[in-house]
Amino acid sequence: ELKVEQNPLFLSMQEGKNYTIYCNYSTTSDRLYWYRQDPGKSLESLFVLLSNGAVKQEGRLMASLDTKARLSTLHITAAVHDLSATYFCAGATGNTPLVFGKGTRLSVIA
Amino acid sequence: SAVISQKPSRDICQRGTSLTIQCQVDSQVTMMFWYRQQPGQSLTLIATANQGSEATYESGFVIDKFPISRPNLTFSTLTVSNMSPEDSSIYLCSVGGVEGGAIEQYFGPGTRLTVT
């Protein structure tokens, strides 16, 4: 059974700083997802990572996948207030539904 | 990407009553799921809605409490039956599809349910 663990669960960071959110998963996962959720809103898809060494970037966010280590990271570069949200990673195998981590609540402060 | 709508967007219900949530997708999709997100928590899968057959429920969720219909490839309903305050959550419909070679999974806007 796939289990997904994220850390940290809470992150307060200053504007302009860099930080990384980690996502470990327990068994083989074909694909790894990152989502963003703003308070009171639904989930917005950020990245889908399919293969070992995959790296995707969008603006100040960069996601990577290491299937051998069963680890995905979401790196935040030069944080800005607009990035404040909860970030979820989720894994899946085959046609099975996504299994979510607990989420990382990010707060970017001036 | 798929556009998903849910009705109602929110509701306040009394204990013991039932609420049916509708999920409409703008294109035909094979995979459709229902999730629950309790306040401040992550998402938990309730069931996979199968077109033309019974839904597949996850451990801890039963058909009597959460009956699901999926009459076609664009529509599904989730009913929360005999509600109690513990059912207060956001309920999210989600669909999966292949886009750009990857299996994307999209989420509807959610239904915020409060049970008093």
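Residues numbered from 1 in each chain as written. Chains lettered and ligands numbered in written order. Predicted model: local features only at pLDDT ≥ 70, side-chain atom pairs only at ≥ 80, totals over all residues. Heavy atoms only, no water.

Before going further, it helps to spend a moment on the overall build of chain B. Across its full length, chain B carries zero helices and 11 strands. Along the chain direction, N to C, the helices and strands of chain B fall in the order β-β-β-β-β-β-β-β-β-β-β. For a compact globule of 116 residues, the expected C-alpha radius of gyration is about 13 Å, and chain B comes in at 14 Å, within 12% of that figure. When its C-alpha atoms are laid out on the principal axes, chain B stretches across 45 × 30 × 25 Å. Scored against the burial criterion, the 116 residues of chain B give a buried share of 50%. The long-range share in chain B, meaning contacts at least 24 apart out of those at least 6 apart in sequence, stands at 54%. Computed over 7 positive and 9 negative side-chain charges, the inter-centroid distance for chain B is 9 Å. (Helix = DSSP H or I, 4+ residues; strand = E, 2+ residues; numbered from the N terminus. Rg over C-alpha atoms; globule rule 2.2 N^0.38 Å. Buried < 20%, exposed > 50% of the residue type's maximum accessible area, 1.4 Å probe, protein only. Contact = heavy atoms within 4.5 Å. Lys, Arg positive; Asp, Glu negative; His and termini not counted. Charge placed at Lys NZ, Arg CZ, Asp CG, Glu CD.)

On to the sheet that holds strand β7 (residues 61-66) of chain A, then. All names here are of chain A. If you trace the five strands from one edge of the open sheet to the other, you get β1-β3-β8-β7-β6, paired in antiparallel fashion. Sheet topology places β1 (4-7) and β6 (55-58) at the edges, where each strand pairs with a single neighbour. With strand direction ignored, the average angle separating the axes of adjacent strands in the sheet is 15 degrees. Examined bridge by bridge, β7 and strand β8 (residues 71-76) share six bridges and lie antiparallel to one another. Along β8, the bridge assignment pairs Leu 61 with Ile 76. (Pairing = 2+ DSSP bridges. Axes fitted to C-alpha atoms, helices over the stretch in contact; angles between N-to-C directions.)

Let us look at the pattern of salt bridges. By the definition in use, this model includes three salt bridges over all chains. In this structure, A:Lys3 engages A:Glu1 in a salt bridge whose closest nitrogen and oxygen atoms are separated by 3.8 Å. Residue A:Lys3 is classed as partly exposed on the basis of its relative accessible area of 49%. On the basis of relative accessible area, A:Glu1 is assigned to the exposed category, the value being 78%. One salt bridge in this structure joins B:Asp87 and B:Lys65, with 2.6 Å as the shortest N-O distance. With B:Asp87 in the loop between β8 (75-80) and β9 (89-99) and B:Lys65 in the loop between β6 (56-57) and β7 (68-72), this residue pair connects regions lying 22 residues apart in the sequence. Given the relative accessible area of 5%, B:Asp87 is considered buried. (Salt bridge = Lys/Arg side-chain N within 4 Å of Asp/Glu carboxyl O.)

Moving on to the pairing of β8(B). All names here are of chain B. A large share of β8 lies buried, amounting to six of its six residues. Taking every second residue as pointing to the same face, both faces of β8 are buried, with Phe 75, Thr 77 and Thr 79 on one and Ser 76, Leu 78 and Val 80 on the other. Examined bridge by bridge, β7 and β8 share three bridges and lie antiparallel to one another. The partner of Ser 69 across the bridge, within β8, is Thr 77. Hairpin remark: β7 followed by β8, antiparallel, with two residues in the connecting loop.

Residue and element names in this part refer to chain B. Structurally, the position occupied by Gly 52 is in the loop between β5 (43-48) and β6. With relative accessibility at 70%, the residue Gly 52 sits in the exposed group. Taking the C-alpha atoms as reference, Gly 52 lies 20 Å from Tyr 35; in sequence the two are 17 residues apart.

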